[in-house]
Amino acid sequence: MIRRATGHDIDTVQQIYMELFAWERRHEAYSKWVSGVYPNRTTIRRAVAKQEMYALWDEKGEGKKIYAAMAISREQPEDYARVNWKFRAPPRSVVVVRALCVSPLRFREGLGTQMMHFVMETASRMRCRAVRFDVWSGNVPAVSLCEKLGFRCAGRKNAVRFSAGADERAYYEWAPAGGEGNGTGRASFVGSQGKA
């Protein structure tokens, strides 16, 4: 089940990112995130406070284990203004996916696809004009996920993120119903049980 995370869930959400950092220290560091910098407890707490943090919960047992997490935001990073997006949209009609993370315990089980489908279905229901997502261009799993789901690469640019110097970012976009939307820019994520 995918649902919005609450203040009671911060420790559980943080744990999944810690698991990924531990895995990346031993294997390949695809995310280019910096432990203790991003995503950290402060960024998770802020996303929860803004009702932007979502998690995929274990439906078995007591349902207290998270296997994937992400933030769904209306705020676009500054470098998005330099991208030649195909799908033009008012800022309030754009959904930005941030900090998508799948537990290393559940790699290659389609959980990233489930999370992105949740965003895409929600954006379609809300008649948003575009979903945007950026990743380090060397993040093979994330790039493959975007391309598999039909996201269009709007370009690659160097951008400074997480106070760790410039990296080449790949910028992806997807438009529900061809990007037509309803033009109101009034949609918002309101669900707490995987509904918006």
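Keep in mind it's a predicted model, so treat the numbers as computed, not measured.

Chemist: I'm lost on the overall build of the protein in this one. Help?
Modeler: Within the protein, the secondary structure is distributed over four helices and seven strands. The helix and strand sequence of the protein, counted from the amino end, reads β-α-α-β-β-β-α-β-α-β-β. By sequence separation, contacts in the protein at least 24 residues apart represent 70% of the contacts at least 6 residues apart. About 9900 Å² of surface is accessible on the protein, with carbon and sulfur atoms providing 48% of the total.

Chemist: Just checking my understanding: could you explain the packing of aromatic side chains for this structure?
Modeler: Note on aromatic pairs: each is described by the distance of the centres and the angle between the planes. Under the counting rule described, the total for this entry stands at eight aromatic pairs. Measuring from ring centre to ring centre gives 6.2 Å for W33 and Y38, while their planes differ by 80°; the resulting arrangement is edge-to-face. Classification of W33 as buried rests on a relative accessible area of 16%. It is K32 that lies over the ring of W136; its NZ or CZ is 4.9 Å from the centre.

Chemist: I keep staring at the packing of helix α1 (residues 10–26) against helix α2 (residues 41–49) and nothing clicks. Help me out?
Modeler: Two measures define how a pair of helices packs: the angle their axes make with one another and the distance between the axes. In the contact formed by α1 and α2, the axes pass within 10 Å of each other and the chain directions differ by 130°. It follows from the interaxial angle that α1 and α2 lie oblique. Relative to α2, the crossing made by α1 is right-handed. Judged by residue contacts, I10, D11, V13, Q14 and Y17 of α1 engage R41, I44, R45 and V48 from α2.

Chemist: Would you mind going over the layout of surface pockets with me for this structure?
Modeler: Leftover empty space is mapped by rolling, across the atoms, a probe with the size of a water molecule. By volume, the largest pocket is sized at about 1300 Å³. Forming the walls of the largest pocket are 50 residues, and the residues nearest its centre are W33, A99, L100, C101 and F133. In terms of residues, the lining of the largest pocket owes the most to one element, strand β4 (residues 94–102), which gives six residues. Here the lining of the largest pocket is built from residues that sort into 25 nonpolar, nine polar and 16 charged.

Chemist: Teacher, can you tell me more about the nonpolar core here?
Modeler: Most often, soluble globular proteins have nonpolar side chains that are buried together. M70, V97, L100, M116, V131 and F151 are the most contacted members of the largest nonpolar core, which has 32 residues in total. Of all the elements in the fold, those that place two or more residues in this core are β2 (53–57), β3 (66–73), β4, α3 (111–125), β5 (130–136), α4 (140–148) and β7 (166–174). For this core, the element with the most residues is α3, which contributes seven residues. If we skip the residues at most four places from it in the chain, L100 touches W33, A69, M70, M115, M116, F133 and L145.

Chemist: Would you take a moment to explain the environment of L100 for this structure?
Modeler: Along the chain, the position of L100 falls in strand β4. Remark: the alpha-carbon pair of L100 and Y54, spanning 46 residues in sequence, is separated by 9.5 Å.

Chemist: Sorry if this is basic, but what is going on with α3 here?
Modeler: For α3, spanning 15 residues, the distance from its first C-alpha to its last is 21 Å, which sits close to the expected 21 Å at 1.5 Å a residue. All buried positions along α3 are accounted for by L111, G112, T113, M115, M116, F118, V119, M120, T122 and A123. Two residues or fewer after α3 comes R127, characterised by a positive phi angle close to 60°.

Chemist: What exactly am I supposed to notice about the confidence of the model for the protein here?
Modeler: Atomic detail in the predicted coordinates should be set aside for any region of low pLDDT. Confidence in the prediction for the protein averages 85 pLDDT; 85% of positions are at 70 or higher. Low pLDDT, under 50, characterises residues 180–196; the stretch is placed with 42 contacts to residues that sit more than four places away or in other chains.

What counts, and at which threshold
Residues numbered from 1 in each chain as written. Predicted model: local features only at pLDDT ≥ 70, side-chain atom pairs only at ≥ 80, totals over all residues. Heavy atoms only, no water. Helix = DSSP H or I, 4+ residues; strand = E, 2+ residues; numbered from the N terminus. Contact = heavy atoms within 4.5 Å. Areas by Shrake-Rupley, 256 points an atom, 1.4 Å probe, with all protein chains shown as cover. Phe/Tyr/Trp six-rings, centres within 6.5 Å; stacked < 30°, edge-to-face > 60°. Buried < 20%, exposed > 50% of the residue type's maximum accessible area, 1.4 Å probe, protein only. Lys NZ or Arg CZ within 6 Å of the ring centre and 35° of its normal. Axes fitted to C-alpha atoms, helices over the stretch in contact; angles between N-to-C directions. Parallel < 35°, antiparallel > 145°, perpendicular 65-115°, else oblique. Left-handed = near helix turned anticlockwise from the far one by under 90°. 1 Å grid on protein atoms, 1.4 Å probe; cavity = no way out; pocket = protein on both sides within 12 Å on 5 of 7 lines; lining within 4 Å. Points joined across faces, edges and corners; volume = space filled by probe spheres on them. Nonpolar A, V, L, I, M, F, W, Y, C, P; charged D, E, K, R; others polar. Core = buried A, V, L, I, M, F, W, Y, C linked by side-chain atoms within 4.5 Å. Expected span 1.5 Å × (residues − 1). pLDDT = per-residue confidence, 0-100.

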